[in-house]
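# Structural description and commentary
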Amino acid sequence: MESRVLITGASGGIGSEVARRFAARGAAVCLADLRVDAAEDLAREIARGGGRATAVPVDICDRASVARMASAAIVALGHVDVLVHCAGLDAPRGNAWELDDEDHWDRIIDVDLNGAWRCARALVPHMLARGAGRIIFMGSVAGRRGSASASVAYSAAKAGIHGLTMALARQLESGGILVNAVAPGPTGTGEQMTEMERLQDEKASALPIVGPRPVADACLYLAGESGDWISGTILNVSGGRWHG
Ligand SMILES: NC(=O)c1ccc[n+]([C@@H]2O[C@H](COP(=O)([O-])OP(=O)(O)OC[C@H]3O[C@@H](n4cnc5c(N)ncnc54)[C@H](O)[C@@H]3O)[C@@H](O)[C@H]2O)c1
């Protein structure tokens, strides 16, 4: 795979797996994260294995920082074929009306929904000018069916990601840009879970939790030739946790 790929949230559980899988397939990757030290470590690890990787800092809540990330990625990679947007936050569990709005609703919508839009927005003009591009967002099963235990804001943000994916796909298809999302079930990455929460998650899935690899492979599928005719899809990768 000759493609040049910008991955946000690349220091995280899913983003780092996406980075490793794309690099192993020959893609040049630019790794963006708030935790830039971890992204730089991963870039060095990929380079030691013969891959091509650079790291850039980003705070997806800050439009200027996102613009700097986009410019740095275009310089580092030459151009960007694919944006895989993995940066995001889990939210506090509990009843939404009992949580502090600033710390819960406002923060989660800003990071998980607005942040995704800021990153796509920064790359779309570049992709339109090239007449080609792929954008892959991280949705969630929580955005499909809600969750009694997880955050209401998180489910709302992820449902928003699914809407953003479909609407943006409609607007960009004619410009050669394909927009899709992967909707993972629990991968065991992200926020630390208690043993009880992990067992509950496992019980709710038909298939055992196997980590972030299937999510990364779904991104490879959407980004490659296999995804040439796929646009506006929310691809469930959830071990049977959601059907549809
Ligand atoms: N882990 C799961 O089970 C699961 C399930 C469904 C959806 N998802 C979604 O997949 C994505 C990745 O999840 P993960 O498990 O890798 O989480 P993670 O916490 O391991 O990684 C998220 C990464 O995003 C980065 N990040 C957070 N806020 C940022 C900001 N403001 N600017 C830049 N970077 C920021 C973090 O530094 C971290 O490296 C998230 O959108 C998450 O909601 C995860």
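Before reading on, note that the structure itself is shown above.
Here the structure is a predicted model, which is why all the values come from computation and not from measurement. (Residues numbered from 1 in each chain as written. Predicted model: local features only at pLDDT ≥ 70, side-chain atom pairs only at ≥ 80, totals over all residues. Heavy atoms only, no water.)

### Focus: the overall build of the chain
- Counting its secondary structure elements, the chain contains 8 helices and 7 strands.
- A globule of 244 residues ought to have a C-alpha radius of gyration of about 18 Å, and the chain, at 17 Å, matches this closely.
- Counting only C-alpha atoms and orienting by the principal axes, one finds that the chain spans roughly 45 × 35 × 35 Å.
- Counting the 244 residues in the chain, one finds 49% classified as buried.
- Positive and negative side-chain charges in the chain, numbering 24 and 28 respectively, have mean positions lying 6 Å apart. (Helix = DSSP H or I, 4+ residues; strand = E, 2+ residues; numbered from the N terminus. Rg over C-alpha atoms; globule rule 2.2 N^0.38 Å. Buried < 20%, exposed > 50% of the residue type's maximum accessible area, 1.4 Å probe, protein only. Lys, Arg positive; Asp, Glu negative; His and termini not counted. Charge placed at Lys NZ, Arg CZ, Asp CG, Glu CD.)

### Topic: the pairing of strand S3 (residues 52-57)
- Note: strand S2 (residues 28-33) against S3, 6 bridges, orientation parallel. Directly across from alanine 28, in S3, lies its bridge partner arginine 52.
- Regarding topology, helix H2 (residues 36-48) serves as the crossover connection from S2 to the parallel S3, and that connection is right-handed. (Pairing = 2+ DSSP bridges. Right-handed = clockwise from strand over helix to strand, strands pointing away.)

### What about the site of the ligand?
- By nearness alone, 26 residues border the ligand, and Ile14, Asp33, Tyr154, Thr187 and Thr189 come closest of all.
- In this structure, isoleucine 60 approaches the ligand through a main-chain N or O atom, which is 3.0 Å from a nitrogen atom.
- Between the ligand and tyrosine 154, the relevant distance is 2.7 Å, taken from an oxygen atom to a side-chain nitrogen or oxygen of the residue.
- Contact with the protein chains hides 89% of the accessible area of the ligand, taken as 820 Å² for the molecule alone.
- Counting only elements with at least two residues in the shell around the ligand, the list comes to helix H1 (13-24) and helix H6 (152-172). (Near = heavy atom within 4 Å. Polar contact = N/O pair within 3.5 Å; in protein donor to acceptor, adjacent residues only side chain to side chain. Areas by Shrake-Rupley, 256 points an atom, 1.4 Å probe, with all protein chains shown as cover.)

### What to know about the sheet that holds strand S1 (residues 4-8)
- The strand order across the open sheet built from 7 strands is S3-S2-S1-S4-S5-S6-S7, with neighbouring strands paired in parallel fashion. Of all strands in the sheet, those with a lone pairing partner are S3 and strand S7 (234-237), marking the two edges. Within the sheet, the average angular offset between the axes of one strand and its neighbour, ignoring direction, is 20 degrees.
- Where S1 lies against strand S4 (residues 82-85), 4 bridges are found, and the strand directions are parallel. When the bridges of S4 are listed, threonine 8 appears paired with histidine 85. (Axes fitted to C-alpha atoms, helices over the stretch in contact; angles between N-to-C directions.)

### Description of H1
- Here H1 spans 17 Å end to end across 12 residues, near enough to the 16 Å set by a 1.5 Å rise per residue.
- Buried residues dominate H1, accounting for 9 of its 12 residues.
- Within H1 the residues assigned to the buried category are Ile14, Gly15, Ser16, Glu17, Val18, Ala19, Arg21, Phe22 and Ala23.
- Just downstream of H1 lies glycine 26, where phi reads positive at about 95 degrees. (Expected span 1.5 Å × (residues − 1).)

### Brief notes about the side chain of serine 16
- Relative to the helices and strands, serine 16 is located in helix H1.
- Setting aside chain neighbours within four positions, we find serine 16 in contact with Gly9, Ala10 and Leu42. (Contact = heavy atoms within 4.5 Å.)

### Side note on helix H4 (residues 102-130)
- With 29 residues, H4 extends 39 Å from end C-alpha to end C-alpha; this agrees with the ideal 42 Å at 1.5 Å per step.
- Just downstream of H4 lies glycine 131, where phi reads positive at about 70 degrees.

### Observations regarding the packing of H1 against H2
- Contact geometry of H1 with H2 gives a least axis separation of 11 Å together with a crossing angle of 25 degrees. Our classification of the angle between H1 and H2 gives roughly parallel. Note on packing geometry: the crossing formed by H1 with H2 is right-handed. Residue-level inspection shows Ser16, Ala19, Arg20 and Ala23 of H1 in contact with H2, the latter providing Leu42, Glu45 and Ile46. (Parallel < 35°, antiparallel > 145°, perpendicular 65-115°, else oblique. Left-handed = near helix turned anticlockwise from the far one by under 90°.)

### Quick notes on the environment of valine 141
- By the secondary structure assignment, valine 141 is in the loop between strand S5 (133-138) and helix H5 (142-145).
- Given a relative accessible area of 3%, valine 141 falls into the buried group.
- Here valine 141 is in contact with Gly146, Ala183, Pro184, Gly185, Ser238, Arg241 and Trp242, once residues within four sequence places are set aside.

### Comments concerning the nonpolar core
- Counting 34 residues, the largest nonpolar core has Leu6, Met69, Ile135, Phe137 and Val179 as its most contacted members.
- Listed by contribution, the elements that provide at least two residues to this core are S2, helix H3 (63-77), H4, S5, H6 and strand S6 (177-184).
- In terms of residue count, the dominant contributor to this core is H4 (7 residues).
- With residues near it in sequence (within four places) discarded, phenylalanine 137 still touches His85, Ala116, Ala120, Ile161, Leu164, Thr165, Leu168, Val179, Asn180, Ala181 and Val182.
- Counting residues in each nonpolar core, the second largest holds 31 residues, with Val29, Met138, Leu222 and Val237 among its members. (Core = buried A, V, L, I, M, F, W, Y, C linked by side-chain atoms within 4.5 Å.)

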